[in-house]
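# Fold and geometry: a report
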Amino acid sequence: DDHWLVPDNYQENRGELVAHRTSPTNIGLQILSTLAAHDFGYLSLTGVLDRLEPTFDTLLQMQRYRGHFYNWYDTRTLAPLSPAYISTVDSGNLAGYLLTFRSGLAELADTKPIIDARVLEGLEDVMTLFEMEVDSVIRGRAGMGLKKELGSLRAHLARRPLTLLEWRRLLTQLEERMQAVSI
């Protein structure tokens with residue numbers, strides 16, 4: 001609905017929960033946060049590209065003034081919001097974010113392996129959140145069985161493969177363990 005652009009905000013206590021507008025600063029932060037999600041192990045490089053390619057396609061469709069993006073756009077229609085104006089602060093923010101993004105992508109392409117321990121660290125973060133939810137909801141024998149499976153999953157996450165073949169084996173084992181945990 002929002003053309004792969006991040007909405008300005010979300011508020012739980014309003015009639016319309018999502019503010020369907022965005023700015024160059026928001027877009028720049030969206031781009032960098034997607035790259036940061038990769039750095040934390042939450043997204044693969046493919047996941048980064050899958051999210052950002054449609055975003056950049058949208059940016060190419062948006063109306064601009066002398067190359068500058070307007071300060072606010074409706075994310076559903078891509079029309080600049082009235083009054084349409086250019087903000088040097090937002091334009092500068094976006095330019096800085098894009099330069100940082102470019103450096104981050106170059107680093108990924110030049111120095112990062114296809115897969116590394118960050119993927120496992122990201123999964124460990126998700127496991128911790130899941131365990132907190134399980135502890136607050138599931139008790140008794142069901143909880144004990146699930147905790148046993150989660151312990152097995154944690155043991156697999158503690159490994160750090162060195163070769164692609166070891167990674168493939170570990171990822172297959174993790175998938176099997178996660179299917180056993182799925183509710």
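Residues numbered from 1 in each chain as written. Predicted model: local features only at pLDDT ≥ 70, side-chain atom pairs only at ≥ 80, totals over all residues. Heavy atoms only, no water.

### Let's talk about the layout of surface pockets
- Considered as a void within the structure, the largest pocket measures approximately 220 Å³ in volume.
- Around the largest pocket, the lining is made up of 14 residues, and of these His38, Leu45, Pro113, Ile114 and Ile115 lie nearest the centre.
- Among the secondary structure elements, those contributing two or more residues to the lining of the largest pocket are helix 2 (45–61) and helix 4 (117–137).
- Split by residue class, the lining of the largest pocket holds seven nonpolar, four polar and three charged. (1 Å grid on protein atoms, 1.4 Å probe; cavity = no way out; pocket = protein on both sides within 12 Å on 5 of 7 lines; lining within 4 Å. Points joined across faces, edges and corners; volume = space filled by probe spheres on them. Helix = DSSP H or I, 4+ residues; strand = E, 2+ residues; numbered from the N terminus. Nonpolar A, V, L, I, M, F, W, Y, C, P; charged D, E, K, R; others polar.)

### Details of the nonpolar core
- Core analysis: the biggest nonpolar cluster contains 17 residues, and Leu5, Ile27, Leu59, Met62 and Phe69 have the highest contact counts within it.
- Of all the elements in the fold, those that place two or more residues in this core are helix 1 (24–39), helix 2 and helix 3 (88–111).
- Leaving out residues up to four positions away in the same chain, Ile27 has contacts with Leu5, Val6, Thr22, Leu59 and Met62. (Core = buried A, V, L, I, M, F, W, Y, C linked by side-chain atoms within 4.5 Å. Buried < 20%, exposed > 50% of the residue type's maximum accessible area, 1.4 Å probe, protein only. Contact = heavy atoms within 4.5 Å.)

### Side note on the packing of aromatic side chains
- Inspection of the entire model under this criterion finds four aromatic pairs.
- Centroid distance Phe40 to Tyr42: 6.1 Å. Interplanar angle 35°. Geometry classified as tilted.
- Judged by its relative accessible area of 44%, Tyr42 falls in the partly exposed class.
- Grouping aromatic residues by their ring pairs yields a cluster made of Phe69, Tyr70 and Tyr73.
- In this structure, Arg21 packs its charged tip against the face of Trp72, placed 5.8 Å from the ring centre. (Phe/Tyr/Trp six-rings, centres within 6.5 Å; stacked < 30°, edge-to-face > 60°. Lys NZ or Arg CZ within 6 Å of the ring centre and 35° of its normal.)

### Here's the deal with helix 5 (residues 140–157)
- Taking 1.5 Å of rise per residue, 18 residues should cover 26 Å, and helix 5 covers 25 Å from first to last C-alpha, within 8% of that figure.
- Along helix 5, the positions that sit buried rather than exposed are Gly143, Leu146, Leu150, Leu153, His156 and Leu157. Along the axis of helix 5, the buried residues cluster in a sector spanning 130°; they form a single face. Relative to its buried face, helix 5 has exposed residues pointing more than 90 degrees away, namely Arg141, Met144 and Lys148.
- The inward-facing, buried residues of helix 5 contact helix 4 and helix 6 (164–181). (Expected span 1.5 Å × (residues − 1). Arc of directions from axis to C-beta.)

### Quick look at a nonpolar patch on the surface
- The grouping of Phe40, Tyr42 and Val126 at the surface amounts to a nonpolar patch, some 320 Å² of accessible area in total.
- Secondary-structure assignment places Phe40 in the loop between helix 1 and helix 2. (Patch = residues over 30% accessible without salt bridge, like charges linked within 9 Å, V, L, I, M, F, W, Y side chains within 5 Å. Areas by Shrake-Rupley, 256 points an atom, 1.4 Å probe, with all protein chains shown as cover. Salt bridge = Lys/Arg side-chain N within 4 Å of Asp/Glu carboxyl O.)

### What about unusual backbone geometry?
- In this model, Ser82 is joined to Pro83 through a cis peptide bond whose omega is -10°.
- Note on placement: Pro83 falls in the loop between strand 6 (73–74) and helix 3.
- The residue His3 is not glycine, and still its phi comes out positive at about 55°.
- Considering the arrangement of structural elements, one finds His3 in the segment before strand 1 (9–10).

Any link to function would need more than the numbers given here.
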